[in-house]
Amino acid sequence: MVYWPWHHGNITRSKAEDLLSKAAKDGSFLLRDSESIQGAYALCVLFQNCVYTYRILPNEERKLSVQASEGVPIRFFSVLADLVETYYSPNMGLATHLQFPVQKEEEPEEEPDPAKYPPQLPPRNISGGLSANGSKETHGGESQTSELACASLRDTYLQRLQQLDMSNLPEEHQQSIQEYFHTSLCLDAEQAQNGNPNFPRLKKLIMGICKHLNSEISRTLPTLEAFQRLLDQQLSPGVGRMRSQVGCGLLLQVKSELLGLTNKMFIKVDVETGKIYFKKYKDGPEDKYFVHNKILQLVKSQKVAKLVIVVETEKEKTLRKEFVFDDTKKREGFCQLLQQMKNKHSDKPEPDMITVFVGTWNMGNASPPHSIASWFQCKGQGKTRDDTADHIPHDIYVIGTQEDPLGEKEWIDTLKSALRGTTNISFKQVTIQTLWNIRIVVLAKPEHENRISHIFSDSVKTGIANALGNKGAVGVSFMFNGTSFGFVNSHLTSGSEKKLRRNQNYVSILRFLNLGDKKLNPFDITHRFTHLFWLGDLNYRIELPSTEAESIVTKIKQQQYQELLCRDQLTIEKGEGKVFLHYDEEEITFAPTYRFERDTREKYAYTKAKATGTKYNLPSWCDRVLRRSYPLVHVFCQSYGCTNDIMTSDHSPVFSTFEVGVSSQFVSKHDPNSVSQGGIKFMNCVATLMTKSKTKFFIEYHSSCLEKFVKSSEGENQDHSDGNIKVRFGNQLVPIISDPEYLLDQHILLCVKSTDCDESYGEGCVALRAAESSYTEFQVTLTHHGERTGTLTGGVQLRTSGGKQTEKLYGETLRTNVIVGEDGKPAEMFDNPLYGSMGKCGGGAKDSPDPQSSKDHLTAPDPYFSFPKPSDQDPDRPPVPTPRNRSYTCSETKPPSSGPTSFTSLHPQSYTKNPVKPSRSEGGMVLTANKPPLPMKSRPGQAEATSTKPRDYRDSSELPSKLRPTSRPIQPLPKEG
């Protein structure tokens, strides 16, 4: 590998600015890898105390060129060193010519752990093994490691090819396959390592093999489809009466993909009959239909306006049907109709609150004991669960382990068996990810199997030279209905004196762990999820001299934890903003979980004999669980502690449980005739950036409520007195749905980017619930790669459907325009604001309003767009939440209860536990207005609640996740259509 002292690899932009500021000479320069483009570089030059950044981009022939000033001829270079040498000359389009290279800072070498490392095996699949493990791109030639890995991969496949019987294949196909594995496999692997997952040479091979297949499919497919229609009509006696049964419904044209071919077709949702129909032709007969209870899941693509409908077939098998809509607005309207249909006919409402178990355990390379039930029952020290909750299952279990000696299957079986023993439920495996001995497993209740989608997993190595996987992280992410979750299990560098190296591990994981929505590529995992949980053996120690060991043990026995936590490295580093910025951790009320003598929890083994002398491992809280959520979402920690009876390792397992609010498919309840185009307006926005870069800036707005990300115009720069840069912005966004109840549950991700390199200078998140009044000011902290980079202040205002008010906020009944039936009651079927009324036959799709008509000037404050204020009654009393739908699972052995199931009439005197006080995540967002209350999500078709006798759930098959007393009786749920 070629070494250039001025090439700093993948250091951050802020680190590059710091190095140039220390150099303090005009013409000082360095090169770093680009953060926005794979295979590109950024040339950073210091001139007049400002940093100028120029992109160095490769062309198709991998030749490099500098994107300098206009009017300067572009020159191409094969070698990076030649490019740098050329730009030492003046008048090359830079702010100043290159003069003084800034060299890398030497990092202290990390000592290898004495443990034996497993051999580095070739990856099981090319894309997962080469890009998902956080491998870094090497410029200036292939490294020896990459060449060896590539040769190993090629030899493995060639050996398999020799053992494969290919005698029945055409000779030209045999030659093409052999040629690919001989010459092209390594090139595809190299591109995968650099972030290109498309495998162009493999794609070319498959296209060559299938050269004559397309014409055959096009010729044969219409015949097969006609034959299928014929058979369907014979097998389904009701097909002939289908058209008369359909009644009124929305007919929507979509595209369907089958065997690589795109076909036009029509789908129709009949809310009244509870059926969805599929048609080949607009005026033709219905080819097939599915009843509402056969529709298992809707999966929305995060890249295009595609929708996957998972349905159950007659043989209890699942079928995935993919449809592409014209835009996401039409897709959202169609999903609303489907959810409307399910709400009307189904008696199983979607949960809007679930509980999540998050546990971490360094197993110390030892097999677990016979029973680990106490871990999942949250029994031991710290904030623990009540004994009456022993057999109440959580909805999702996330288990992270380090130094795990078991195989994946053996560990999964162990976990499922332990959970079956305590909950009598056979949990489903969602996903598993392993990096050497670091592992994360996600299990969920069977009833949630079709609520979980968009599952991703990845890993990052942070061992010696970031090449060994004995230290690092594994992560998983998924969507639960409309809420995104991320989980990271990390094992950071050990040693009391290596906290700076642990901080670096954290930043590396943050930068290179690739999870969640890929459209959010300007954001790291900090901002990609509604809820992000970080667990593991973080290895931060108590920073006291080794002579204090006995004193520490004495304070632990006296439970004087707060004195020790003041010297906890993670608490100190987090408080100084160096790691886990804006992450929350529940108060620690349990003893340090490391380092015990095995087979006992009575004695800490804080000395360790080594060849270099005695090493001290002072008792410490190495094993932790932290979380970060979007601002103003519901999340509450129910327990956080460690076990006392699992003693096979020198670490104790740590448990934590959370009550988390989740969202499902939104259904509008407003009259479509009065729905106008909504708008989200950001006003008087000022970004204060901690940078010396001389460039212009713009903001990118990302959100699931937008058709696509929105790019603002170039901001107006103003130099600040303390050397920072102030930039002024303003923008109006048009959401896909303008309903206020929908918008108040949305979040806008903001990314301040530079015009010269298209790189992020800071990201933040604004909750639209903050704009519950007509105009609300906000202040968010901007971060990039885990460090604070500035602040963004401004105001946000919502222009919604004619200024209508939202409905049922914290039990307050608010006015909405609801469709009224002939009997004066709310209509059973609410209208879709995107496609027009479904209450009348022949109701077709309404044309969308002209977007230009929505560009009204919004002023603050404007009472016309104001939202309702809470009632003035009981001003000192906190609002009482309306009961929320929860997820329950019946026991497999206990008989079902015959008693009433309504929770709305329970009174405080029927409880013995202390009331739970829900908390909200701030996520670095400071509001100038009062925090809004937690909304209650209404659902059509829900039966009216009746006041009944309080019941004891301990002997019932229906076990609620949490029952909360209230300071005043809860009002019954209002009857809805």
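Residues numbered from 1 in each chain as written. Predicted model: local features only at pLDDT ≥ 70, side-chain atom pairs only at ≥ 80, totals over all residues. Heavy atoms only, no water.

1. Points about the overall build of the protein
Of regular secondary structure, the protein possesses 16 helices and 36 strands. When the 977 residues of the protein are sorted by exposure, 52% land in the buried category. Put simply, 69% of the contacts in the protein that link residues at least 6 apart link residues at least 24 apart. (Helix = DSSP H or I, 4+ residues; strand = E, 2+ residues; numbered from the N terminus. Buried < 20%, exposed > 50% of the residue type's maximum accessible area, 1.4 Å probe, protein only. Contact = heavy atoms within 4.5 Å.)

2. Comments concerning the side chain of Arg-451
Along the chain, the position of Arg-451 falls in the loop between β17 (438–444) and β18 (452–461). A distance of 2.7 Å separates a polar atom in the side chain of Arg-451 from a polar atom in the side chain of Glu-350. (Polar contact = N/O pair within 3.5 Å; in protein donor to acceptor, adjacent residues only side chain to side chain.)

3. Digging into the nonpolar core
The biggest cluster of nonpolar side chains holds 46 residues, and the ones touching the most others in it are Val-356, Ile-396, Phe-485 and Phe-487. When sequence neighbours within four positions are dropped, the list of residues in contact with Phe-487 reads Val-356, Val-358, Val-398, Ile-440, Val-474, Gly-475, Val-476, Phe-478, Leu-515, Leu-532 and Phe-533. The next biggest cluster of nonpolar side chains, apart from the first, holds 33 residues, and it includes Leu-706, Val-752, Leu-768 and Val-780. (Core = buried A, V, L, I, M, F, W, Y, C linked by side-chain atoms within 4.5 Å.)

4. Describing the sheet that holds strand β25 (residues 635–642)
Read across the open sheet, the 7 strands follow the order β14-β25-β26-β13-β15-β17-β16; overall the sheet is mixed. Edge positions in the sheet fall to β14 (381–383) and β16 (428–435), since each of these pairs with one other strand and no more. On average, each strand axis in the sheet is tilted by 10 degrees relative to the strand beside it, whichever way the strands run. Pairing analysis gives 6 bridges linking strand β15 (residues 396–402) to β17, with the strands arranged antiparallel. For Ile-399, the partnering residue across the bridge sits in β17 and is Val-441. (Pairing = 2+ DSSP bridges. Axes fitted to C-alpha atoms, helices over the stretch in contact; angles between N-to-C directions.)

5. A look at the packing of aromatic side chains
Where two aromatic rings form a pair, the distance of their centres and the angle of their planes describe that pair. Overall, the coordinates contain 34 aromatic pairs when judged by the stated rule. Residues Tyr-157 and Phe-181 carry aromatic rings whose centres are separated by 5.4 Å and whose planes lie at 20 degrees to one another, so their mutual orientation is stacked. Here Tyr-157, found in helix α4 (residues 144–163), pairs with Phe-181, found in helix α5 (residues 171–193); they are 24 residues apart in sequence, far enough to count as distant. Counting every residue linked through ring pairs, the aromatic cluster contains Phe-357, Trp-361, Trp-375, Phe-376, Tyr-397 and Phe-427. The lysine or arginine in question, Arg-13, covers the ring of Tyr-761, its NZ or CZ lying 3.8 Å from the ring centre. Here the guanidinium or amino end of Lys-518 rests over the ring plane of Phe-456, the centre of that ring lying 3.7 Å away. (Phe/Tyr/Trp six-rings, centres within 6.5 Å; stacked < 30°, edge-to-face > 60°. Lys NZ or Arg CZ within 6 Å of the ring centre and 35° of its normal.)

6. Points about the environment of Ala-770
Within the secondary structure layout, Ala-770 lies in the loop between β33 (760–767) and β34 (776–784). Classification of Ala-770 by relative accessible area gives buried; the value is 8%.

7. Comments concerning helix α12 (residues 499–512)
In a regular helix each residue adds 1.5 Å, so 14 residues correspond to 20 Å; α12 covers 20 Å between its end C-alpha atoms and thus fits that length. By the burial criterion, the buried members of α12 are Arg-501, Arg-502, Asn-503, Asn-505, Tyr-506, Ser-508, Ile-509, Leu-510 and Arg-511. On the buried face of α12, the contacting elements are β18, β19 (472–480), β20 (483–491), β21 (531–537) and α15 (569–575). (Expected span 1.5 Å × (residues − 1).)

8. Describing the side chain of Lys-279
Residue placement: Lys-279 occurs in strand β8 (residues 275–279). For Lys-279, a relative accessible area of 3% translates into the label buried. Engagement of the side chain of Lys-279 in a polar contact is seen with the backbone oxygen of Lys-282, the distance being 2.6 Å.

9. A short note on the pairing of β19
Every regular strand shows the same layout, with side chains that alternate between the two sheet faces. Taking burial as the measure, the 9 residues of β19 include 9 buried ones, the bulk of the element. Burial along β19 is two-sided: Gly-472, Val-474, Val-476, Phe-478 and Phe-480 and Ala-473, Gly-475, Ser-477 and Met-479, pointing in opposite directions, are all buried. Bridge count for β18 against β19 is 8 bridges, and the pairing is antiparallel. Its bridge partner being in β19, Asp-458 is matched across the sheet by Gly-475. Of the pairings in the sheet, the one linking β19 to β20 comprises 9 bridges and is antiparallel in character.

10. Section: the sheet that holds strand β24 (residues 623–629)
A sheet is described by the order of its strands in space; here 5 strands give the open sequence β18-β19-β20-β21-β24, paired in mixed fashion. Two strands lie at the open edges of the sheet, namely β18 and β24, each paired on one side alone. If you compare each strand with its neighbour and ignore which way they point, the axes differ by 15 degrees on average. Sheet topology note: the β21/β24 ladder contains 7 bridges and is antiparallel. Each residue of the ladder has a partner; that of Leu-535, found in β24, is Val-625.

11. Concerning the state of the cysteines
In a disulfide, the sulfur atoms of two cysteines are covalently bonded to one another. Taken as a whole and assessed by the stated rule, the structure comprises 0 disulfides. Cysteine Cys-44 is unpaired, with the sulfur of Cys-757 as its nearest cysteine sulfur at 7.1 Å. Using a relative accessible area of 2% as the deciding quantity, one classes Cys-44 as buried. (Disulfide = S-S within 2.5 Å.)

12. With respect to the confidence of the model for the protein
Mean pLDDT over the protein stands at 78; residues scoring 70 or higher make up 72%. Scored below 50 in pLDDT, residues 801–918 makes 277 contacts in the model with residues more than four places away or belonging to other chains. Low pLDDT, under 50, characterises residues 926–977; the stretch is placed with 152 contacts to residues that sit more than four places away or in other chains. (pLDDT = per-residue confidence, 0-100.)

13. Some remarks on helix α11 (residues 408–423)
Here α11 is 16 residues long and its end C-alpha atoms lie 22 Å apart, about the 22 Å a rise of 1.5 Å per residue gives. Those residues of α11 that sit buried are Trp-411, Ile-412, Leu-415, Ala-418, Leu-419, Thr-422 and Thr-423. Mapping the buried residues of α11 onto a view down its axis gives an arc of 130 degrees, with all of them on the same face. Away from its buried face by more than 90 degrees, α11 exposes Lys-409 and Gly-421. Next to the buried residues of α11 lie β13 (353–362), α10 (373–376), β15, β16 and β17. At the C-terminal side of α11, Asn-424 shows a positive phi close to 65 degrees. (Arc of directions from axis to C-beta.)

14. Quick word on the environment of Cys-751
Tracing the chain through its elements places Cys-751 in strand β32 (residues 747–754). Relative accessible area serves as the criterion here: at 0%, Cys-751 is assigned to the buried category. Along the backbone, Cys-751 and Phe-523 are 228 residues apart, and their C-alpha atoms lie at a distance of 7.7 Å. Setting aside anything within four residues of it in sequence, one finds Cys-751 in contact with Pro-522, Phe-523, Phe-698, Ile-699, Glu-700, Ser-760, Gly-762 and Glu-763.

15. Let's talk about the pattern of salt bridges
For the structure shown, the criterion picks out 25 salt bridges. Between Lys-300 and Glu-332 there is a salt bridge whose closest N-O contact spans 2.8 Å. Of this pair, Lys-300 sits in strand β10 (residues 295–300) while Glu-332 sits in helix α9 (residues 328–345), and the two are 32 residues apart along the sequence. One salt-bridge network, held together by shared partners, links Lys-499, Glu-543 and Glu-573. (Salt bridge = Lys/Arg side-chain N within 4 Å of Asp/Glu carboxyl O.)

16. Focus on the pairing of β8
The buried fraction of β8 is high, at 5 of 5 residues. The two faces of β8 match: Lys-275, Tyr-277 and Lys-279 on one face and Ile-276 and Phe-278 on the other face are all buried. Hairpin connection from strand β7 (residues 261–270) to β8: 4 residues lie between these consecutive antiparallel strands, with Gly-274 at a positive phi of about 75 degrees. Where β8 lies against strand β9 (residues 286–291), 5 bridges are found, and the strand directions are antiparallel. Residue pairing for β9: Ile-276 is matched across the bridge by Phe-290. The turn linking β8 back onto β9 is made up of 6 residues.

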